[in-house]
Amino acid sequence: MKITIDQYYLITIDRIYKHRKHNIEDIKSIIKKNTNKSVIQTGVDGMNLTPEIISTLQKKKILKYNLEIPNFSRILSNSEIGLNLTEYKIYKHMIKNNIQYAIIFEDDAKINEKTFFDDLKNITEDCPEDFLFISMFHHPRPSQQQYIKTLKKYNQHILFSKG
């Protein structure tokens, strides 16, 4: 399957930027140099979410009223809520701008400029036609192991989510 990445996003927040500035700038530089595309940098700092903001988001049905994580018996932290809101913003941007395929990096992502784009091409050529997203990380929860596929030598832990 031939996939063209329409947009690149980088999730970071101001208070973390200073600690990961070098990595963030490396990612942006590598993407720009190899694709001639800019990276949209965005992030919602969950530490700035007040109970009033969370209540408003719940009323708008952006956040569920029950913020417990299934099978974990705990409430989401404000940082987790901030990350989810950032992803929500990105998805809204993708829909509004008719972006079909995007890569979303977190600010601690490490990419190897020499292999990343070739590996990405090989991974996307092997993905199922009806995929929703590809997550390139090792998922430690055994309940998710059924979705992990081994793709040649490129990455032994690729998670495809089917539609």
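Preceding this paragraph is the structure being described.
Presented here is a report on the structure given in the accompanying data block. (Residues numbered from 1 in each chain as written. Predicted model: local features only at pLDDT ≥ 70, side-chain atom pairs only at ≥ 80, totals over all residues. Heavy atoms only, no water.)

1. What to know about the overall build of the chain
And step 1. Counting its secondary structure elements, the chain contains four helices and six strands.
And step 2. When its helices and strands are written in sequence order, the chain yields β-α-β-α-α-β-α-β-β-β.
And step 3. Relative to all contacts within the chain whose residues are 6 or more apart in sequence, the contacts with residues 24 or more apart total 67%.
And step 4. Carbon and sulfur atoms form 51% of the exposed surface of the chain, whose accessible area is close to 11000 Å². (Helix = DSSP H or I, 4+ residues; strand = E, 2+ residues; numbered from the N terminus. Contact = heavy atoms within 4.5 Å. Areas by Shrake-Rupley, 256 points an atom, 1.4 Å probe, with all protein chains shown as cover.)

2. Section: the nonpolar core
And step 1. Judged by nonpolar contacts, the single largest core of 19 residues is most densely connected at Ile5, Tyr8, Ile31, Ile103, Phe105 and Phe116.
And step 2. Mapped onto this core, the elements with two or more residues apiece are strand 1 (7-11), helix 1 (14-35), strand 3 (102-106) and helix 4 (116-126).
And step 3. Looking at this core, the element that brings in the most residues is helix 1, giving four residues.
And step 4. Once you skip the residues sitting within four places of it in the chain, Tyr8 turns out to touch Ile31, Thr35, Lys37, Ser38, Val39, Ile40, Ile103, Phe105 and Phe117.
And step 5. Grouped together as the second largest cluster of nonpolar side chains are six residues, Ile54, Leu57, Ile81 and Leu85 included. (Core = buried A, V, L, I, M, F, W, Y, C linked by side-chain atoms within 4.5 Å. Buried < 20%, exposed > 50% of the residue type's maximum accessible area, 1.4 Å probe, protein only.)

3. Some remarks on the packing of aromatic side chains
To describe a pair of aromatic rings, you give the distance between the ring centres and the angle between the ring planes.
And step 1. Inspection of the entire model under this criterion finds two aromatic pairs.
And step 2. Judged by centre distance (5.9 Å) and plane angle (45 degrees), the ring pair of Phe105 and Phe116 falls under tilted. You can see Phe105 sitting in strand 3 and its partner Phe116 sitting in helix 4, a full eleven residues away along the chain. Summarising the burial analysis for this pair, Phe105 and Phe116 share the class buried.
And step 3. Plain terms: the ring middles of Phe116 and Phe117 are 5.0 Å apart, the flat faces sit at 85 degrees to each other, and that makes the pair edge-to-face. (Phe/Tyr/Trp six-rings, centres within 6.5 Å; stacked < 30°, edge-to-face > 60°.)

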